[in-house]
Amino acid sequence: MICNRKTIRHFGSRGLLPLLAFAMIAFALAGNPAAAQNSLAPNAAPEASPSGGMVPGDTLGTTSDSDYWRAVRHGLQGNVSIPDKKAGTLVQSEGEAWRSFRNGPLTLYASWALLGTIVVLGLFYAIRGRIRIEHGKSNQTITRFKAVERFGHWMLAVSFIILGLTGLNILYGRYVLKPVIGDGAFGFLTQMGKYLHNYLAFAFMAGLAMIFVMWVRHNLPDRTDIKWLLQGGGIFSKKLHPPAKKFNAGQKVIFWAVIIGGVSLSLSGWALLFPFTTHFFAGTFDKVNLIFGTELPTALTALQEQQLNALWHSIMAVFMVCVILAHIYIGSIGMEGAFDAMGSGEVDLNWAKEHHSIWVEEHQADIHKASGSGGAPQPAE
Ligand code: HEM
């Protein structure tokens, strides 16, 4: 809601007459606020209004000015001489809708999604246990990720984890943390968290760009993915190891969720970092309308854009946290030998043969070719 004294004073003087006339015409033509805003032609003559351009609400109180205030309440935009034209809207009702959605359904469903993911992973661990290397460790290793790949991954991961924690604090901290640590500590922590959130966003974007460039060619879908998916990735069986290249179909899903979700999160975050400078939603809605024949609003004010950005940023963030919780699980406690890939970069040969057999064959063929030695390379089991 935007309502400051300066603007009220401004409306209250000479600007009131045309404003009122606009409001009357708008309400006479259409009974809803959106239509009212659209039907307000800037050059409409005040005399054309039902009140003949008179200011209602005279000092004797015989004329009601409820129409005027109703128009203001419905987001009518007037003119202001200060540079910030947004101040021309005295009451922006979408602000109230935004607040109730953010503090209501959004917070509630997001918490269900987060708790649901943790419960599902817990159940999976209880039923399936840790995925072991079926043939045991071979004590021979194979290089899975180079230092630059691990650097890109960890820059993305560490920044995401801090962004996730500080972001969840903005959404839930006052319900969960504040009662435990007190107002002062919570205020300090939240302020520090906000600084971290603002600056680490750039490390996240850099990490995202790095992994995209390094791994996109390994994540294009191909025929091996169909077989892998049909066998459920062998995840429910201790003996089944469907063949896979450098990344299996499950990892490709994670990769694209991280890239698409990460770009969306970055764009909406950018819009929040530099408020009122972007028009992402108007542009997107325009394209969606064109493709699907929908009628999403495309004449969005800078403030409406900002509100949609804030909601979308939270939705994408919670979606990403759920995906990443599953990823962290499988990359650490969920699977024996997996963490080494991003730890030292060297994985056990048996682990590699069980989870990425085609990649091992290709890798060994490459080494063989590079060394120029004769004889056929040893196929992976
Ligand atoms: C403590 C946190 C994390 C751990 C332990 C972890 C672990 C791993 C491991 C072991 C791999 C390699 C898997 C393989 O050898 O095939 C990997 C890959 C990857 N990680 Fe992470 N990671 C973490 C956090 C993150 C975060 C926060 C993101 C993104 C926001 C991320 C994105 C990726 C992507 C896109 C890949 C490649 C696709 C895949 O393997 O699923 N990771 N991670």
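Note that the structure is predicted; figures quoted are calculated from it, not measured. (Residues numbered from 1 in each chain as written. Predicted model: local features only at pLDDT ≥ 70, side-chain atom pairs only at ≥ 80, totals over all residues. Heavy atoms only, no water.)

**Q** How would you sum up the overall build of the protein chain? Please name residues and give values.
**A** Scanning the protein chain from terminus to terminus reveals 15 helices and two strands. Once local pairs closer than 6 in sequence are excluded, the contacts in the protein chain between residues at least 24 apart make up 75%. When the accessible surface of the protein chain is summed, it comes to about 21,800 Å², and 67% of that surface belongs to carbon and sulfur atoms. (Helix = DSSP H or I, 4+ residues; strand = E, 2+ residues; numbered from the N terminus. Contact = heavy atoms within 4.5 Å. Areas by Shrake-Rupley, 256 points an atom, 1.4 Å probe, with all protein chains shown as cover.)

**Q** Outline the nonpolar core, supporting the account with residue identities and numerical values.
**A** Burial of nonpolar side chains together is a common tendency in soluble globular proteins. Counting residues in each nonpolar core, the largest one holds 37 residues, and the members touching the most others are I142, F160, F204, I211, W215, W351 and A352. Going through the elements one at a time, α5 (94–128), α6 (147–176), α8 (183–215), α10 (249–273), α12 (302–331), α13 (339–343), α14 (349–355) and α15 (357–371) are the ones with two or more residues in this core. It is α12 that contributes the most residues to this core, six residues altogether. (Core = buried A, V, L, I, M, F, W, Y, C linked by side-chain atoms within 4.5 Å. Buried < 20%, exposed > 50% of the residue type's maximum accessible area, 1.4 Å probe, protein only.)

**Q** How would you summarise the coordination of the iron atom of the ligand if you had to cite specific residues and measurements?
**A** With distances of 2.0 Å, the protein atoms coordinating the iron atom of the ligand are H153 (NE2) and H327 (NE2). Note that the iron atom of the ligand binds six donor atoms; their angles at the metal cover 85 to 178°, and the shape is octahedral. Highlighted residues: H153 in helix α6 and H327 in helix α12, separated in sequence by 174 residues. (Donors = N, O, S within 2.8 Å, 3.2 Å for Na, K, Ca; no water. Tetrahedral: all angles 85-135°; square planar, octahedral: opposite > 155°, others 65-115°.)

**Q** Quick rundown of the packing of aromatic side chains? Include the residues and the values.
**A** Going through the model one piece at a time under the given rule, you end up with 14 aromatic pairs. Centroid distance F124 to Y329: 6.2 Å. Interplanar angle 80°. Geometry classified as edge-to-face. Remark: Y329 occurs in helix α12 and F124 occurs in helix α5; sequence separation between them is 205 residues. When sorted by exposure, F124 lands in the same class as Y329, which is buried. Site record: aromatic cluster; members linked through ring pairs are F124, Y125, F236 and Y329. (Phe/Tyr/Trp six-rings, centres within 6.5 Å; stacked < 30°, edge-to-face > 60°.)

**Q** Quick rundown of a nonpolar patch on the surface? Include the residues and the values.
**A** On the surface, F188, M192, Y195 and Y199 cluster together into a nonpolar patch covering about 480 Å² of accessible area. Within the element layout of this structure, F188 appears in helix α8. (Patch = residues over 30% accessible without salt bridge, like charges linked within 9 Å, V, L, I, M, F, W, Y side chains within 5 Å. Salt bridge = Lys/Arg side-chain N within 4 Å of Asp/Glu carboxyl O.)

**Q** Explain the side chain of H355 residue by residue, including any values.
**A** Take H355: it is sitting in helix α14. A relative accessible area of 13% places H355 in the buried class. When sequence neighbours within four positions are dropped, the list of residues in contact with H355 reads I131, A244 and M335.

**Q** Can you explain the site of the ligand? Please cite residues and give values.
**A** The environment of the ligand is made up of 24 residues, and the closest members are R144, H153, Q251, H327 and A341. H153 is positioned with one of its side-chain polar atoms (N or O) 2.8 Å from a nitrogen atom of the ligand. At 2.4 Å from an oxygen atom of the ligand is found a side-chain nitrogen or oxygen belonging to Q251. Those elements that provide at least two residues to the shell around the ligand are α6, α8, α10, α12 and α13. (Near = heavy atom within 4 Å. Polar contact = N/O pair within 3.5 Å; in protein donor to acceptor, adjacent residues only side chain to side chain.)

**Q** Hey, could you go over the packing of helix α9 (residues 223–230) against α10 for me, with residue numbers and the actual values?
**A** Remark: α9 packs on α10, axes separated minimally by 8 Å, with the N-to-C direction vectors making an angle of 110°. Comparing their axes, α10 and α9 come out roughly perpendicular. Contacts from D225, W228 and L229 in α9 reach A249, G250 and K252 in α10. A per-class count over the contact of α9 with α10 returns three nonpolar, one polar and two charged. (Axes fitted to C-alpha atoms, helices over the stretch in contact; angles between N-to-C directions. Parallel < 35°, antiparallel > 145°, perpendicular 65-115°, else oblique. Nonpolar A, V, L, I, M, F, W, Y, C, P; charged D, E, K, R; others polar.)

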